[in-house]
Amino acid sequence: MPDDLLRPTIGAGVNMSARPWRLMSQTYVAFFGGVIASTVVAYLNAGRLGVDAAKRRLILLSGLAGLLVVVAVFMLLYSDAGVLSGLRVGIRVVAVLCCMAQIRLQRPMDRAFQLRGAEYRSLWGVGIAATIGGAITEALILLLVTVIW
């Protein structure tokens, strides 16, 4: 009878072929791309890390909450004269704070990945695509808010 006590379990239930991205690299996507880009990257990375479905839903909910806060900040700070620099800073602060919450949800499984000794995947291609797509989507949403409001 084999003894399960000495059997390694760190890689159990995780797809080792899909390597995740570094957690702190996601903050660059959040800063330049906004809440939507950050949430997309965090959700995809959580799947690569093997984060359970409940925490992945929390990542999506935090992204939705972050987007609602961005819209609220936009409505508070926007003036008809144009976009203020304070508005841009406020939106970026919200995006990075949202990203930090999403990173916290991924951290336990990221530590398990680090213990496996595998290398991270580069975020350059996906990060740039998410940054551009997220920034455009967020700008369109904020434009829609100005038309409605």
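This text follows the structure it describes.
All of these numbers come straight from a predicted model, not from anything done at the bench.

Enquirer: Even after reading the chapter, I still don't get the environment of Leu64, so can you show me in this structure?
Expert: Assignment of secondary structure puts Leu64 in helix α3 (residues 53-77). Sequence spacing of Leu64 and Thr39 is 25 residues, and the spatial spacing of their C-alpha atoms is 8.6 Å.

Enquirer: In this structure, what is going on with helix α2 (residues 35-49)? I would like to understand it.
Expert: Side chains three or four residues apart in an α-helix point the same way, a direct result of the helix having 3.6 residues per turn. For α2, which comprises 15 residues, the first-to-last C-alpha distance of 21 Å matches the rise-based estimate of 21 Å (1.5 Å per residue) to within 8%. Those residues of α2 that sit buried are Val35, Ala37, Ser38, Thr39, Val41, Ala42, Asn45, Ala46 and Leu49. Residues of α2 that are buried in the fold lie against α1 (26-33), α3, α4 (85-116) and α5 (124-148). Trailing α2 by a residue or two, Gly50 shows a phi angle of about 85 degrees, which is positive.

Enquirer: Sorry, what's going on with the environment of Ser122 here?
Expert: One can find Ser122 in the loop between α4 and α5. For Ser122, a relative accessible area of 46% puts it in the partly exposed group. Here the side chain of Ser122 touches Trp124 through a polar contact of 3.3 Å, landing on its backbone nitrogen.

Enquirer: Looking at this structure, how should I read the nonpolar core?
Expert: When a protein is soluble and globular, its nonpolar side chains tend to lie buried together. Residues Val35, Val70 and Leu142 are the most contacted members of the largest nonpolar core, which totals 24 residues. For this core, the secondary-structure elements that each account for two or more residues are α2, α3, α4 and α5. Sequence-distant contacts of Val35, defined by excluding residues within four places in its chain, comprise Gly63, Gly66, Leu67, Val70, Val94, Ala95, Cys98 and Glu138. In this structure, Trp21, Val29, Val41 and Leu123 belong to the second largest nonpolar core, which totals six residues.

Criteria and thresholds
Residues numbered from 1 in each chain as written. Predicted model: local features only at pLDDT ≥ 70, side-chain atom pairs only at ≥ 80, totals over all residues. Heavy atoms only, no water. Helix = DSSP H or I, 4+ residues; strand = E, 2+ residues; numbered from the N terminus. Expected span 1.5 Å × (residues − 1). Buried < 20%, exposed > 50% of the residue type's maximum accessible area, 1.4 Å probe, protein only. Contact = heavy atoms within 4.5 Å. Polar contact = N/O pair within 3.5 Å; in protein donor to acceptor, adjacent residues only side chain to side chain. Core = buried A, V, L, I, M, F, W, Y, C linked by side-chain atoms within 4.5 Å.

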